Amino acid sequence: MERATSKGFRLHIGFFGRRNVGKSSLLNAITKQTVSIVSDVPGTTTDPVEKPMELQPIGPVLFVDTAGIDDVGALGAQRIEKTRQAIARADIGVMVTEAGVWGEFEEKLLAELRTHNIPVAVALNKADLQQPTTEQITRFQQEKLASVLLSATTGEGIDAFRELLWQIAPAGSDESPTIVRDLVQAGQTAIFVMPIDKEAPKGRIKNLQVQAIRDLLDGESLCIVVKDAGLQLALDNMKTPPSLVVTDAQVFDKVAKLTPEAIPLTAFSILLSRLKGDLVAQTHAALTIDELHPGDRILIAETCTHHPIEEDIGRVKIPRWLEKHVGGKLEFTHVKGRDFPEDLSPYKLVIHCGACIWNRQEMMSRIHECQRQQVPITNYGLVIALAQGNLERALAPFPEALAAFHQANATDAKAVLAN
């Protein structure tokens, strides 16, 4: 039975290759369902096709079937861009090609996958029609490329392909991600403060919060869930103080005033920075806010594509808090989903949401691109905590990030004394 695991917590397995090599047929064969349309006409697959499933012994995965990256024309260029976005989020890259076919195109595709440090498997499809050449096999051995000969049409080699995916899967792929249970010992209690506002999913709890509750249960810990208005009552009713309080970043200042200093406190979005991104690097980036000046350009990126609401966190609250902190107007640009500027040079800072619906690979790809262009990228929760004067406290549960905060402050103090 398939577990109700969100896409952001699934291992992403992308199928890449030329048009009409059988990527869609392979997806249908491994899932034993008609997921992708199969046709002899090249370019049948346009936008990436996704299929979540349980792939034992790996666990929950998301297969992503992509358009042929050798497509041509204006529409082809758009398809290729969508495919490249899929490469950025792949935890495993499957290069689908025909037995006996390997050339410059495959070499370039392999290089692009390796640029993202993605484990690669080669699926030599159409084994019922032809066999791989000696040169092809030798090339794989030289490159230490894992490969399997198969036929999506007859089913030959599909079981071996499943086994190959397991062999090259990143370490820990079959384990549940640690969100918070390492911060709360077995038998201890955490309080989750989850305000129910206009941005909360109607009739539901945000997926990360659900996953965090399950994470605590897996660690044999206890969890009390309250709205912000119920925090004081929960604290008053506890015989033993909680080991940790985690809050929605938007009410961090209110929660910080109610939570005794002795109780560690952080935000869900900061947990996401640790889980999906690079908390230390994003902490350093958050501290550059103190270097901003009125008129500077800020890029705010959000993975969700929900319709903006009144008092939207990315379009209203964060800009308001930042402009108050800086003491003047800033110029904000907003992007959603996978839209992202190729040239980041106009921006002094990128502020990113927690990427709760993305996997870690995709978020890290975006972080690495910002670092390559030398533009700092930080996280919603870190920005809010800094703007409200609570960043040191929010980082207290995370020694490495807290050390980065103290080091930056010490460096700034030395610079002031030197001048």
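This text gives an overview of the structure that appears in the document. Every value quoted in this text rests on a predicted model; they were computed, and no experiment measured them.

## A word on the packing of helix 9 (residues 268-276) against helix 12 (residues 360-372)
Item 1. The N-to-C vectors of helix 9 and helix 12 enclose an angle of 90°; their axes lie 9 Å apart at closest approach. Of the possible angle classes, the one that applies to helix 9 and helix 12 is roughly perpendicular. Contact residues: helix 9 offers R274, L275 and K276, while helix 12 offers R360, M363 and M364.
Item 2. Taken together, the residues of the contact of helix 9 with helix 12 sort by class into 3 nonpolar, no polar and 3 charged.

## Looking at the packing of helix 1 (residues 23-31) against helix 5 (residues 158-168)
Between two packed helices, both the angle of their axes relative to each other and the distance between the axes serve to describe the pair.
Item 1. Two elements in contact, helix 1 and helix 5, have axes whose closest approach is 10 Å; the angle formed by their N-to-C orientations is 90°. As far as their axial angle goes, helix 5 and helix 1 are roughly perpendicular. Here L26, A29 and I30 of helix 1 come into contact with helix 5, specifically with I158, F161, R162 and L165.
Item 2. Tallied by class, the residues present in the contact of helix 1 with helix 5 amount to 6 nonpolar, no polar and 1 charged.

## Concerning unusual backbone geometry
Item 1. Of note, the amide linkage connecting Q56 to P57 takes the cis form, showing an omega dihedral of 5°.
Item 2. Here P57 is to be found in the loop between strand 2 (49-55) and strand 3 (59-65).
Item 3. Phi angles above zero are rare outside glycine, and K144 is one such case at about 55°.
Item 4. Locating K144 in the fold gives a position in the loop between helix 4 (134-143) and strand 6 (146-149).
Item 5. At A355, a position not held by glycine, the phi torsion is positive, near 60°.
Item 6. One can find A355 in the loop between strand 13 (349-352) and helix 12.
Item 7. The exposure class of A355 is buried, given its relative accessible area of 0%.

## Re the state of the cysteines
Item 1. Tallied over the full model, the rule gives 0 disulfides.
Item 2. Sulfur of C304: no disulfide; nearest cysteine sulfur belongs to C356 and is 4.7 Å away.
Item 3. A residue is classified by how much of its surface remains accessible, and C304, at 24% relative accessible area, is partly exposed.
Item 4. Lacking any disulfide linkage, C353 is separated from the closest cysteine sulfur, that of C304, by 5.9 Å.

## Describing the pattern of salt bridges
Item 1. Under the counting rule described, the total for this entry stands at 22 salt bridges.
Item 2. Between D215 and R181 there is a salt bridge, with the nearest N and O atoms lying 2.2 Å from each other. Here D215 is found in helix 6 (residues 207-218), whereas its partner R181 is found in the loop between helix 5 and strand 7 (189-193), with 34 residues between them in sequence.
Item 3. Residue R181 is classed as partly exposed on the basis of its relative accessible area, which comes to 26%.
Item 4. Residues participating in the shared-partner salt-bridge network are E107, R114, R139 and E143.

## Quick look at the nonpolar core
Item 1. V180, I191, F192, I318 and I351 are the most contacted members of the largest nonpolar core, which has 65 residues in total.
Item 2. It is helix 13 (residues 380-387) that provides the largest number of residues to this core, a total of 7 residues.
Item 3. Dropping the residues within four chain positions of it, I351 is found in contact with I298, L299, I300, A301, I318, L322, T378, N379, Y380 and V383.
Item 4. Membership of the second largest hydrophobic core comes to 27 residues, among which are I92, A121, A123 and V148.

## Concerning the pairing of strand 11 (residues 297-302)
Item 1. Taken across its 6 residues, strand 11 has 5 buried, putting it largely inside the fold.
Item 2. Of the pairings in the sheet, the one linking strand 11 to strand 12 (residues 331-336) comprises 6 bridges and is parallel in character. Across the sheet, the residue bridging to R297 is E331, located in strand 12.
Item 3. Where strand 11 meets strand 13, 4 bridges bridge the pair, whose relative direction is parallel. Looking across to strand 13, one finds that A301 is bridged to H352.

## Digging into helix 4
Item 1. Buried within helix 4 are the following residues: Q136, R139 and F140. Axial view of helix 4: buried residues confined to an arc of 95°, hence all on one face. Relative to its buried face, helix 4 has exposed residues pointing more than 90 degrees away, namely T134, E135, Q141 and Q142.
Item 2. Here the buried face of helix 4 lies against strand 4 (92-98), helix 3 (104-115), strand 5 (120-125) and strand 6.
Item 3. Following helix 4 by one or two positions, K144 has its phi on the positive side, about 55°.

Rules of the game
Residues numbered from 1 in each chain as written. Predicted model: local features only at pLDDT ≥ 70, side-chain atom pairs only at ≥ 80, totals over all residues. Heavy atoms only, no water. Axes fitted to C-alpha atoms, helices over the stretch in contact; angles between N-to-C directions. Helix = DSSP H or I, 4+ residues; strand = E, 2+ residues; numbered from the N terminus. Parallel < 35°, antiparallel > 145°, perpendicular 65-115°, else oblique. Contact = heavy atoms within 4.5 Å. Nonpolar A, V, L, I, M, F, W, Y, C, P; charged D, E, K, R; others polar. Buried < 20%, exposed > 50% of the residue type's maximum accessible area, 1.4 Å probe, protein only. Disulfide = S-S within 2.5 Å. Salt bridge = Lys/Arg side-chain N within 4 Å of Asp/Glu carboxyl O. Core = buried A, V, L, I, M, F, W, Y, C linked by side-chain atoms within 4.5 Å. Pairing = 2+ DSSP bridges. Arc of directions from axis to C-beta.

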